[in-house]
Amino acid sequence: MSRITLKAADAIITAALVDSRERGLKPMTIVVLDAGGHPIALRREDGASFMRAGVATGKASGALALGMSSRAIAEIAENRPSFIASLGSIAPAGMVPAAGGVIVVDDNGAVLGAVGSSGDTPDNDEAVVLAGLRQSGLRAQS
């Protein structure tokens, strides 16, 4: 697979939302971006606040922009907050330094896109994304 298809994006989102419901999490919004940062699919559960789409997109977009998970970006932000904050204004789809955005890679490590989630705690946001990828047969960059 050299890109994430709409069918694969839908499978990721569906599996992530199933995991979220099984965990009893707050209403989620999940987005899948292609390797260029363009949205493939986005789903916002009933009850999720309107900014969740922007937050989920910012997590995924930031991951793609810097080549690392949004969790890793958050860790960098602890030591270099001004640097990470300054990137938000030049990132086309924003950058949110909190766990929940992961890069999706193929078996050779080539970037296929990214998935971002928002709605619960950052750890839970990331957990549902990873569950969605596992159930879809895809994997996150390590």
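None of the values given here were measured: they were computed from a predicted structure.

Each value, and the rule that gives it
- Residues numbered from 1 in each chain as written.
- Predicted model: local features only at pLDDT ≥ 70, side-chain atom pairs only at ≥ 80, totals over all residues.
- Heavy atoms only, no water.
- Helix = DSSP H or I, 4+ residues; strand = E, 2+ residues; numbered from the N terminus.
- Expected span 1.5 Å × (residues − 1).
- Buried < 20%, exposed > 50% of the residue type's maximum accessible area, 1.4 Å probe, protein only.
- Contact = heavy atoms within 4.5 Å.
- Polar contact = N/O pair within 3.5 Å; in protein donor to acceptor, adjacent residues only side chain to side chain.
- Salt bridge = Lys/Arg side-chain N within 4 Å of Asp/Glu carboxyl O.

1. Here's the deal with helix H2 (residues 52-66)
Reasoning step 1: Over its 15 residues, H2 runs 21 Å from end to end, which matches the ideal 21 Å to within 8%, given 1.5 Å per residue.
Reasoning step 2: The complete set of buried residues in H2 reads Ala56, Thr57, Gly58, Lys59, Ala60, Ser61, Gly62, Ala63 and Leu64.
Reasoning step 3: Buried residues along H2 sit against strand E1 (29-34), strand E2 (39-44), helix H3 (70-79), strand E3 (101-105), strand E4 (111-118) and helix H5 (122-136).
Reasoning step 4: Directly beyond the C-terminal end of H2, a positive phi value near 70 degrees is found at Gly67.

2. A word on the environment of Ser118
Reasoning step 1: Note on placement: Ser118 falls in strand E4.
Reasoning step 2: Along the sequence, Ser118 and Val31 sit 87 residues apart, while their C-alpha atoms lie 9.1 Å from each other.
Reasoning step 3: Not counting residues within four places of it along the chain, the set of residues in contact with Ser118 comprises Pro27, Met28, Thr29, Arg52, Val55, Ala56, Lys59 and Asp125.
Reasoning step 4: Side chain to side chain, Ser118 and Arg52 meet in a polar contact 3.0 Å long.

3. Remarks on the pattern of salt bridges
Reasoning step 1: Applying the stated criterion across every chain, the model contains six salt bridges.
Reasoning step 2: Between Arg71 and Asp123 there is a salt bridge whose closest N-O contact spans 2.6 Å. Residue Arg71 is found in helix H3, and its partner Asp123 is found in helix H5; the two are separated by 52 residues along the sequence.
Reasoning step 3: Classification of Arg71 as partly exposed rests on a relative accessible area of 28%.

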